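Results of the structural survey
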Protein chains: 2
Amino acid sequence: MSTQKVQIVEKILDANDQLANQILKKLNDAEIFAINIMASPGSGKTSVILKTIEKLKGEMNIAVIEGDTAAVTIDADKVTALGMPAVQINTGGQCHLDAVLMEQGVDALDLSDIDLLIVENVGNLICPASFKIGTHSNVVVASVPEGDDKPYKYTNIYRGIDVLLLNKTDLLPYIDFRLDYFKDGIHALNQNLKFFEVSCKTGEGIEDWIDWLREKVKAQKNHR
Amino acid sequence: MSTQKVQIVEKILDANDQLANQILKKLNDAEIFAINIMASPGSGKTSVILKTIEKLKGEMNIAVIEGDTAAVTIDADKVTALGMPAVQINTGGQCHLDAVLMEQGVDALDLSDIDLLIVENVGNLICPASFKIGTHSNVVVASVPEGDDKPYKYTNIYRGIDVLLLNKTDLLPYIDFRLDYFKDGIHALNQNLKFFEVSCKTGEGIEDWIDWLREKVKAQKNHR
């Protein structure tokens, strides 16, 4: 990249981060805990969200912001079918959510009535990693069929996350997936992340993830 | 986007397309048929390439350009282990190959000795769709575990391709995947594409794909 191009990119990222900080402040003021879920297309982001709502819907209010590159409401419809508010953001082909789009989503919600805000980013393991959107935790949903080498190939996103869910563990008997190799790859990049092995299909492992989330939502209330 | 930003983006894409045309001409002069394989991370691009080499290695010379966002040679090593030349391109975090990177890959190969050039693009269903790299056919490898709704969500890439391989059909018994719904989604976007259902694990369906490729490589020789 030319020096000029680098400077323009840095300026865009600075402006994005400033807006992300404003959004984070707004969410803190409303005592909302927010997560940014990133993943490859088809790893099961929406399934994780639906499972999470199903488990927590009696205890707290959850809202979802759905980022999609096209004008489809498939995922948002599934959330509203469970009785929770969902905002659909069409990025118009853009490959990630940024703070500007996130602000539109947040402004479309009634923040006074939300405990947990889940953002489903665009399905992409690369670009979303570079854009803060003002959430408290960055979460990646990986999945067994994607293969055990992904942490070695998509280093940027694995390096910057707080939580990793390995989904579709029910498919382990049918797929060559070396769990140790996968974990070694992650550990080399990121030693502080919480790791959950889950299957949205069978429900296995979901409770640990729910416990972690419940704890975070509670801490966000007590913190104020 | 501001008008200025749109103009800059258009200028970048114009320059890219011009270079892509030069690369295509160079490949035509060398009587090489070239394909650009795009997919989500983990859909099985590399497995398709390895299977293709395995089937065709007695008949023709194949070279592979591997695009990765990180400095890993996992995929390139698998290709060279099969006795075919592979060039590894590290995009340095960039989410797609473009014509500039492609040119570096092509220039690193001895074109006089190649019949089929396979480019494995960066694992990403969005960004690679916008950048021509000078190949003859754009191919997407989708996979059963990704889900049947992907053509509805990632419309841009499905609209612009010539060939679609649906991989991992061996997992159909274990996954809810409506083949009709998937095909309807594709048909609504793109009525001219060749569609192959394959399993790199069992080998099922691979012969049809190989026949198509063989035909294309032959036509490229006869065309000159």
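The rules behind the values
Residues numbered from 1 in each chain as written. Chains lettered and ligands numbered in written order. Predicted model: local features only at pLDDT ≥ 70, side-chain atom pairs only at ≥ 80, totals over all residues. Helix = DSSP H or I, 4+ residues; strand = E, 2+ residues; numbered from the N terminus. Buried ≥ 20, exposed ≤ 12 C-beta atoms within 10 Å, placed from the backbone. Contact = placed C-beta atoms within 7 Å. Pairing = 2+ DSSP bridges. Axes fitted to C-alpha atoms, helices over the stretch in contact; angles between N-to-C directions. Least-squares fit on C-alpha atoms with pLDDT ≥ 70 in both. Core = buried A, V, L, I, M, F, W, Y, C linked by C-beta atoms within 7 Å. Right-handed = clockwise from strand over helix to strand, strands pointing away. Nonpolar A, V, L, I, M, F, W, Y, C, P; charged D, E, K, R; others polar. Arc of directions from axis to C-beta. Parallel < 35°, antiparallel > 145°, perpendicular 65-115°, else oblique.

1. Observations regarding the overall build of chain A
- Assigned secondary structure in chain A consists of eight helices and seven strands.
- Each principal axis of the C-alpha atoms in chain A carries an extent, and together these give about 50 × 45 × 35 Å.
- In chain A, buried positions account for 46% of the 224 residues.
- A separation threshold of at least 6 residues defines the contact pool for chain A, and within that pool the share at least 24 residues apart is 77%.

2. Notes on the sheet that holds strand β3 (residues 86-90) of chain A
Residue and element names in this part refer to chain A.
- The parallel open sheet is built from seven strands, whose spatial order is β3-β2-β4-β1-β5-β6-β7. Of all the strands in the sheet, just β3 and β7 (194-197) have a single pairing partner and so form its edges. Each strand of the sheet is rotated relative to its neighbour by a mean of 20 degrees, with strand direction disregarded.
- Where strand β5 (residues 137-143) meets strand β6 (residues 163-167), five bridges bridge the pair, whose relative direction is parallel. Bridge assignment links S143 to a residue of β6, and that residue is N167.
- Seen against the sheet, helix α2 (residues 45-56) touches β1 (33-38), β2 (62-68), β4 (116-120), β5 and β6 and runs at an angle of roughly 165 degrees to β4.

3. Quick word on the relation of the copies chain B and chain A
- For the pair chain B and chain A, the best superposition has an RMSD of 0.0 Å and corresponds to a rotation of 180 degrees with a translation of 0.0 Å parallel to the axis. Between the two chains, the operation in question is that of a two-fold axis.
- A shared interface surface links the copies, since 100% of the contact residues of chain B are contact residues in chain A too.

4. Some points on the nonpolar core
- Counting residues in each nonpolar core, the largest one holds 120 residues, and the members touching the most others are I37, V119 and V140 of chain A together with I37, V119 and V140 of chain B.
- Top element by residues in this core is strand β1 (residues 33-39) of chain B. It accounts for six residues.
- Setting aside chain neighbours within four positions, we find V119 of chain B in contact with A34, I35, N36, I37, I65, G67, L97, M102, I133 and T135 of chain B.

5. Thoughts on the pairing of strand β7 (residues 194-197) of chain B
All names here are of chain B.
- Here four bridges tie strand β6 (residues 163-167) to β7, and the two strands are oriented parallel to one another. When the sheet's bridge partners are listed, L165 is paired in β7 with F196.
- This β-α-β element, β6 to helix α7 (residues 179-189) to β7, shows right-handed connectivity.

6. A short note on the interface of chain B and chain A
- At the interface, 29 residues of chain B touch 29 residues of chain A.
- Sorting the residues of the side of chain B that touches chain A by element identifies α5 (150-153) and α6 (155-159) of chain B as the ones contributing at least two each.
- A breakdown of the residues in the side of chain B that touches chain A according to their chemical character gives 13 nonpolar, 10 polar and six charged.

7. Observations regarding α7 of chain B
Residue and element names in this part refer to chain B.
- Inspection of α7 places F182, G185 and I186 among the buried residues, and these make up the whole buried set. Relative to the axis of α7, the buried residues are bounded by an arc of 95 degrees and lie together on one face. The exposed residues of α7 that point more than 90 degrees off its buried face are D180 and H187.
- On its buried face, α7 sits against α5, α6 and β6.

8. What about the packing of helix α2 (residues 45-56) of chain B against helix α8 (residues 206-223) of chain B?
Residues and elements named next belong to chain B.
- Between α2 and α8, whose axes approach to 11 Å, the crossing angle comes to 70 degrees. Taken together, α2 and α8 sit at an angle that is classed as roughly perpendicular. Where α2 abuts α8, its residues K51, T52, K55 and L56 lie against I206, I210 and L213.

9. What to know about the environment of V141 of chain A
All names here are of chain A.
- Relative to the elements of secondary structure, V141 occurs in strand β5.
- Of the residues examined, V141 has 27 C-beta atoms within 10 Å and is grouped as buried.
- For the pair formed by V141 and A39, sequence separation is 102 residues and the distance between their alpha carbons is 5.3 Å.
- Excluding residues that lie within four positions of it along the chain, V141 makes contacts with I37, A39, S43, G44, K45, V48, L165 and N167.

Note that every value here comes from positions in space, so none of it alone points to a role or purpose.
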